[in-house]
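Close look at the chain arrangement
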Amino acid sequence: MSPPTLYHLWLCPFSRKVRIVLGEKKIACNLVIERVWEQRPDFLALNPAADVPVLVDAEGLTLSDSAAITEYLDEIQPNQPLFGSDPRVRAEVRRLVNWFDVKFNRDVTINLVGEKIVKRQMGIRHGPDSRLVRIGYAMIRQHLDYIGWLIERRRWLAGDVLSMADIAAAAHLSTVDYLGDVPWEDFPAAKDWYARVKSRPSVRPLLADHLPGIPPPAHYADLDF
Ligand SMILES: N[C@@H](CCC(=O)N[C@@H](CS)C(=O)NCC(=O)O)C(=O)O
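Everything quoted here is computed from the prediction, not taken from an experiment. Going along each chain's sequence as written, the residues are numbered from 1 onward. Local features in this predicted model are restricted to residues whose pLDDT is 70 or higher, and side-chain atom pairs enter the listing and the counts only when it is 80 or higher, whereas totals over whole chains, interfaces and linings include all residues. Side-chain metrics in this entry use all non-hydrogen atoms of the structure; hydrogen atoms and water are not considered.

1. Some words on the pairing of strand β1 (residues 5–8)
Put simply, the rule is: Only protein chains enter the area calculation, which uses a 1.4 Å probe; residues under 20% of their type maximum are buried, those over 50% are exposed, and those in between are partly exposed. In this description a helix means any DSSP run of H or I spanning at least four residues, a strand means any run of E spanning at least two, and both kinds are numbered starting from the N terminus. Only when DSSP finds a minimum of two bridges between them are two strands counted as paired. The definition of a right-handed crossover adopted here requires that, viewed with the strands pointing away, the path from the first strand over the helix to the second runs clockwise.
Where burial is concerned, the two faces of β1 agree: the one with Thr5 and Tyr7 and the one with Leu6 and His8 are both buried. Where β1 meets strand β2 (residues 30–33), 4 bridges bridge the pair, whose relative direction is parallel. Looking across to β2, one finds that Tyr7 is bridged to Val32. Crossover connection from β1 via helix α1 (residues 13–24) to parallel β2: handedness right-handed. Sheet analysis places β1 next to strand β3 (residues 54–56), joined by 3 bridges and oriented antiparallel. Bridge pairing links Tyr7 to Val54 in β3.

Encoded structure:
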């Protein structure tokens, strides 16, 4: 059976979550870049929300929304559950996925990646809003502090094993790291956790993505950064 197709964008944390889960589940996939701002009619027919990620499998099943897609992939390939194996862990995994997809995204990803990269990709003329970028720089410190607090108490963010919480956090942080905007040296516990996530074979292909004209810093793909 031919592999599924994932419509995505390089520095989209929601697409990155799905790519990491596909890697963890060892599901091969064709990647197609979708410039969502172009609002291609064929893409709108796949996903009226007009956002990525969208996954289309060999039978034509079309899924959108990263939470729906990742839960689906976890259910069809349950050998290494990423949402936890008991209800208490599952609740904690979901709390943290929401933390990163909503809070971290609003506090950090949108203010840094949105302002510095997405605006440029969309052809918006005026550059980053320095007030929002400053908010992003301040808020990432609070989030790294919280990751450190969690990881001093648990092996992985939601408990003893790698889960969707680690994947969501790493997906967002990896996009900010592409800009060199993560102050890792000030947060050693978060840095050690990220080094562990980064060394997973499921994450490495993301680190090979290069945006035309915007190279990442030298440490970005370095596993011993
Ligand atoms: N809740 C959605 C959010 C996806 C999302 O915001 N994707 C962005 C790129 S990172 C996008 O395609 N934005 C275009 C738009 O919203 O029109 C998910 O988890 O999949």
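Having seen it, we continue.
2. Focus: the packing of helix α4 (residues 87–121) against helix α5 (residues 130–151)
Axis angle and axis distance: for two packed helices, these are the angle between their axes and the distance between the axes, and together they describe the pair. Note the following rule: Note on definitions: angles span 0 to 180 degrees between N-to-C directions of axes, and those axes are lines fitted to C-alpha atoms, for helices only across the stretch in contact. Throughout, the term roughly parallel applies to angles under 35 degrees, roughly antiparallel to angles over 145, roughly perpendicular to angles from 65 to 115, and oblique to all others. Helix crossings get a hand from a simple test, with the near helix turned counterclockwise from the far one by less than a right angle marking a left-handed crossing and a clockwise turn marking a right-handed one. The criterion used for residue contact is that any of the two residues' heavy atoms lie within 4.5 Å. Ten residue types, Ala, Val, Leu, Ile, Met, Phe, Trp, Tyr, Cys and Pro, are classed as nonpolar, four, Asp, Glu, Lys and Arg, as charged, and the remainder, Gly among them, as polar.
Taken N-terminus to C-terminus, the directions of α4 and α5 make an angle of 150°; their axes are 8 Å apart at the nearest point. What the angle tells us is that α4 and α5 run roughly antiparallel. The chirality of how α4 crosses α5 is left-handed. Contacts from Arg95, Leu96, Trp99, Phe100, Lys103, Phe104, Asp107, Val108, Asn111, Leu112, Glu115 and Lys116 in α4 reach Leu132, Val133, Ile135, Gly136, Tyr137, Met139, Ile140, His143, Tyr146, Ile147 and Leu150 in α5. A class-by-class count of the residues in the contact of α4 with α5 yields 15 nonpolar, 3 polar and 5 charged.

3. Some remarks on the site of the ligand
To keep things clear, this is the line we draw: Near, as used in this document, describes a residue that has one of its heavy atoms within 4 Å of the molecule or strand being considered. Distance and chemistry together define a polar contact, namely a pair of N or O atoms within 3.5 Å, with one atom able to donate a hydrogen and the other to accept it when in protein, and with adjacent residues in sequence counting only for side-chain atoms on both sides. Residue exposure ignores everything except the shown protein chains as possible cover, and the areas themselves are Shrake-Rupley values with a 1.4 Å probe.
As a structural note, the neighbourhood of the ligand is formed by Cys12, Phe14, Val36, Ala50, Asp51, Val52, Pro53, Asp65 and Ser66. Between the ligand and Val52, the relevant distance is 2.9 Å, taken from a nitrogen atom to a main-chain nitrogen or oxygen of the residue. Separating an oxygen atom of the ligand from a side-chain N or O atom of Ser66 is a distance of 2.6 Å. If the ligand stood free it would expose 500 Å²; the protein chains cover 64% of that surface. A per-class count over the shell around the ligand returns 6 nonpolar, 1 polar and 2 charged.

4. What to know about a nonpolar patch on the surface
How we decide: A patch consists of residues exposed above 30% relative accessible area that lack any salt bridge, with like charges linked at up to 9 Å and nonpolar side chains (Val, Leu, Ile, Met, Phe, Trp, Tyr) linked at up to 5 Å. Here, a salt bridge means any side-chain nitrogen of Lys or Arg that lies within 4 Å of a carboxyl oxygen of Asp or Glu.
Together, Val118, Met122 and Ile124 line one region of the surface with nonpolar side chains, adding up to about 210 Å² of accessible area. Along the chain, Ile124 falls in the loop between α4 and α5. On the basis of relative accessible area, Ile124 is assigned to the partly exposed category, the value being 33%.

5. Let's talk about helix α6 (residues 164–177)
Because each turn of an α-helix spans 3.6 residues, side chains separated by three or four positions in sequence point in the same direction. Selection criterion: Here the expected length of a helix is defined as 1.5 Å per residue gap, with one fewer gap than residues.
Here α6 is 14 residues long and its end C-alpha atoms lie 19 Å apart, about the 20 Å a rise of 1.5 Å per residue gives. Of all the 14 residues making up α6, 14 are buried; the element is thus mostly covered by neighbouring parts of the structure.

6. Quick notes on the packing of α1 against helix α3 (residues 66–76)
Contact geometry of α1 with α3 gives a least axis separation of 9 Å together with a crossing angle of 5°. Relative to α3, the element α1 lies roughly parallel. Seen from α1, the contacting residues are Phe14, Lys17, Val18, Val21 and Leu22; seen from α3, they are Ser66, Ala67, Ile69, Thr70 and Leu73.

7. Re the domain arrangement of the protein chain
Note the following rule: Note that the domain bounds reflect an automated or database-derived domain assignment. Each of two parts loses accessible area, computed with a 1.4 Å probe, when they are put together; buried area is these two losses added.
The domains assigned to the protein chain are domain 1 (5–76) and domain 2 (87–207). The straight-line distance from the C-alpha centre of domain 1 to that of domain 2 is 20 Å. Taken together, the contact between domain 1 and domain 2 spans 16 residues of the former and 23 residues of the latter. Of the roughly 1,700 Å² buried between domain 1 and domain 2, counting both surfaces, carbon and sulfur atoms make up 69%. Here Arg94 and Glu71 are joined by a salt bridge, their closest N and O atoms 3.5 Å apart. Our enumeration of links across domain 1 and domain 2 arrives at 5 residue pairs in polar contact (both at pLDDT 80 or more). Among the elements of the structure, α1 and α3 are those that each provide at least two residues to the side of domain 1 that touches domain 2. A per-element tally of the side of domain 1 that touches domain 2 places α1 first, with 9 residues. Across the side of domain 1 that touches domain 2, the residue classes break down as 8 nonpolar, 3 polar and 5 charged.

8. A closer look at the packing of aromatic side chains
Here is the rule we go by: Pairs were defined over the aromatic rings of Phe, Tyr and Trp, the Trp ring being its six-membered one, requiring ring centres within 6.5 Å. Orientation was assigned from the angle between planes: stacked under 30 degrees, edge-to-face over 60, tilted for the rest.
Tallied over the entire structure, the rule returns 9 aromatic pairs. Aromatic pair Trp184 and Tyr194: ring centres 4.7 Å apart, planes at 15°, arrangement stacked. With a gap of 10 residues between them, Trp184 in the loop between α6 and α7 (188–198) and Tyr194 in helix α7 connect regions that are remote in the sequence. Plain terms: the ring middles of Trp184 and Phe225 are 5.5 Å apart, the flat faces sit at 75° to each other, and that makes the pair edge-to-face. Residue Trp184 is found in the loop between α6 and α7, and its partner Phe225 is found in the segment after α8 (204–207); the two are separated by 41 residues along the sequence. The class of Phe225 is buried, set by a relative accessible area of 17%. Of the aromatic side chains, those joined through ring pairs into one cluster are Trp184, Trp193, Tyr194 and Phe225.

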